[in-house]
Amino acid sequence: EDALLRKQLFDRLDAAAEHLRREPIADPLARARMWHAIGNSYLLWNRRDKAAAALEQALAERDPHLGPTHPDSMDTLKQLVRACATIDPLDRTVRW
């Protein structure tokens, strides 16, 4: 039963990310908050590759509007570093 619940959770997270990609919200900071929440959710379940992709997107949305030293941008960057900490560097490159 636990495996089924996890699968449902991951399916819903994947669907939320896909929906956000296909039908973006006009407010870039709202999009950034959503990407950050999706990334954190993946990170909590140790899905680091998907967490990193979502958090990279959140950072890309935040930085132009808030700057890299804003607390929200810094929080996203911190979570991105956590997500990438155990990803094989040959398989994953952090872009910003």
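Residues numbered from 1 in each chain as written. Predicted model: local features only at pLDDT ≥ 70, side-chain atom pairs only at ≥ 80, totals over all residues. Heavy atoms only, no water.

Chemist: Go over the environment of L80 with me, naming the residues and quoting the values.
Modeler: One can find L80 in helix α4 (residues 71–84). It is 6.9 Å that separates the C-alpha atoms of L80 and E56, two residues lying 24 residues apart in sequence. (Helix = DSSP H or I, 4+ residues; strand = E, 2+ residues; numbered from the N terminus.)

Chemist: Describe the nonpolar core, naming the residues involved and giving the relevant values.
Modeler: By size, the foremost hydrophobic cluster in this structure holds 17 residues, and its most contacted members are W35, I38, Y42, A51, A52, L80 and A83. Only α1 (2–22), α2 (28–44), α3 (48–66) and α4 provide two or more residues apiece to this core. Top contributing element to this core by residue count: α3, with six residues. The contacts of Y42, once residues within four sequence positions are left out, are F10, L13, D14, R47, K50 and A51. (Core = buried A, V, L, I, M, F, W, Y, C linked by side-chain atoms within 4.5 Å. Buried < 20%, exposed > 50% of the residue type's maximum accessible area, 1.4 Å probe, protein only. Contact = heavy atoms within 4.5 Å.)

Chemist: Describe in detail the pattern of salt bridges, supporting the description with residues and values.
Modeler: What the rule picks out here adds up to seven salt bridges. K50 is the salt-bridge partner of D14, the closest N and O atoms lying 2.9 Å from each other. Here D14, found in helix α1, pairs with K50, found in helix α3; they are 36 residues apart in sequence, far enough to count as distant. Owing to a relative accessible area of 26%, D14 belongs among the partly exposed residues under this scheme. For K50, a relative accessible area of 28% translates into the label partly exposed. Put simply, R21 and E18 hold a salt bridge, and the shortest N to O gap is 3.4 Å. Linking R21 with E18, this pair stays in helix α1, spanning three residues, or about one helical turn. (Salt bridge = Lys/Arg side-chain N within 4 Å of Asp/Glu carboxyl O.)

Chemist: Can you explain the packing of α2 against α3? Please cite residues and give values.
Modeler: At a minimum axis separation of 8 Å, α2 and α3 run at an interaxial angle of 155°. As judged from the angle between their axes, α2 and α3 are roughly antiparallel. Note on packing geometry: the crossing formed by α2 with α3 is left-handed. Between α2 and α3, the residues in contact are P28, L29, R31, A32, R33, W35, H36, I38, G39, N40, Y42 and L43 and R48, K50, A51, A54, L55, Q57, A58, E61, R62, H65 and L66, respectively. Among the residues forming the contact of α2 with α3, the class breakdown is twelve nonpolar, five polar and six charged. (Axes fitted to C-alpha atoms, helices over the stretch in contact; angles between N-to-C directions. Parallel < 35°, antiparallel > 145°, perpendicular 65-115°, else oblique. Left-handed = near helix turned anticlockwise from the far one by under 90°. Nonpolar A, V, L, I, M, F, W, Y, C, P; charged D, E, K, R; others polar.)

Chemist: Quick one: what's the story with the packing of aromatic side chains, residue by residue and with numbers?
Modeler: Applying the stated criterion to the full structure yields one aromatic pair. Their ring planes at 85° and their centres at 6.2 Å tell us that F10 and W45 sit as a pair that is edge-to-face. Separated by 35 residues along the polypeptide, F10 in helix α1 and W45 in the loop between α2 and α3 bring together distant segments of the chain. The exposure class of F10 is buried, given its relative accessible area of 13%. We classify W45 as partly exposed; its relative accessible area is 38%. For the cation-ring pair, R47 lies above F10, with the distance from its terminal atom to the ring centre recorded as 4.2 Å. (Phe/Tyr/Trp six-rings, centres within 6.5 Å; stacked < 30°, edge-to-face > 60°. Lys NZ or Arg CZ within 6 Å of the ring centre and 35° of its normal.)

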